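# Summary of structural features
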Amino acid sequence: MSDLLERLRGRGWRMTSQRRVVAEVLDGDHVHLTADEVHARAVQRLPEISRATVYNALGELVSLGEVIEVSTDGRAKRYDPNAHHPHQHLVCSNCGTIRDVHPTGSPLTDLPAEERFGFTVSEVEVTYRGLCPSCA
């Protein structure tokens, strides 16, 4: 069984056939699919699944903290099932492809004390931008 499905079962998430298909589509190579892409892939596995069901399942997964909603540059939101492994994102400025990256060091501790302005920093989001090999 996949990592995402195991986590959802462990949380007692009611696993309907529609929810299972959405979770199966998201799990795997972390390609950061849009809701429409999740729906298109889900329909291949379960032809009767509706777009609304996919959107509802994605919203629940985000609320549970099992999937991260990634927004970049006003493009369609993408969904990242890699919610429990610290990482940053590398985004193609042209086509919008998103990849998980794991830079060395910690952006949380790399911020000098004088740049924190008294804040207690608890979370950091770093996005690297550039052109993917296909767009370069």
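Residues numbered from 1 in each chain as written. Predicted model: local features only at pLDDT ≥ 70, side-chain atom pairs only at ≥ 80, totals over all residues. Heavy atoms only, no water.

### Concerning the environment of alanine 136
The condition is simple: Secondary structure follows DSSP: runs of H or I at least 4 residues long count as helices, runs of E at least 2 residues long count as strands, and numbering of each begins at the N terminus. Think of it in three bands: with a 1.4 Å probe and only protein chains considered, a residue is buried below 20% of the maximum accessible area for its type, exposed above 50%, and partly exposed in between.
Tracing the backbone shows alanine 136 in the segment after strand 6 (127-130). The class of alanine 136 is exposed, set by a relative accessible area of 76%. For the pair formed by alanine 136 and aspartate 36, sequence separation is 100 residues and the distance between their alpha carbons is 26 Å.

### Observations concerning the state of the cysteines
Worth spelling out the cut-off: We call a pair of cysteine sulfur atoms a disulfide when they lie within 2.5 Å.
Enumeration according to the criterion identifies zero disulfides in this entry. The thiol of cysteine 92 is not disulfide-bonded; the next cysteine sulfur, from cysteine 95, is found 3.7 Å away.

### With respect to the sheet that holds strand 2 (residues 68-70)
Which entries qualify depends on this criterion: Strands qualify as paired when DSSP identifies two bridges or more between them.
Strand order across the open sheet formed by three strands is 1-3-2, with antiparallel pairing between neighbours. Edge positions in the sheet fall to strand 1 (33-34) and strand 2, since each of these pairs with one other strand and no more. In this structure, strand 1 lies alongside strand 3 (residues 78-80), joined through two bridges in antiparallel fashion. Of the residues in strand 3, the one forming a bridge with leucine 33 is tyrosine 79.

### What about the packing of helix 2 (residues 17-26) against helix 4 (residues 51-64)?
Defined as follows: Lines fitted to C-alpha atoms define the axes, with helix axes restricted to the stretch in contact, and inter-axis angles between N-to-C directions lie between 0 and 180 degrees. Throughout this description, any angle smaller than 35 degrees is read as roughly parallel, any larger than 145 degrees as roughly antiparallel, any in the 65 to 115 degree range as roughly perpendicular, and the remainder as oblique. Note on convention: near helix rotated counterclockwise from far helix by under a right angle means a left-handed crossing. Clockwise means right-handed. We call two residues in contact whenever any of their non-hydrogen atoms come within 4.5 Å of each other. Residue polarity follows a fixed list, in which Ala, Val, Leu, Ile, Met, Phe, Trp, Tyr, Cys and Pro are nonpolar, Asp, Glu, Lys and Arg are charged, and the others, Gly among them, are polar.
One way to put it is that helix 2 packs onto helix 4 with a least axis distance of 10 Å and a crossing angle of 70°. Considering their axes alone, helix 2 and helix 4 lie roughly perpendicular with respect to each other. For the pair helix 2 and helix 4, the sense of crossing is right-handed. Residues Gln18, Arg19, Val22 and Leu26 of helix 2 form the contact with helix 4, whose participating residues are Thr53, Val54, Ala57, Leu58, Glu60 and Leu61. Each residue belonging to the contact of helix 2 with helix 4 can be placed in one class, and the counts come to six nonpolar, two polar and two charged.

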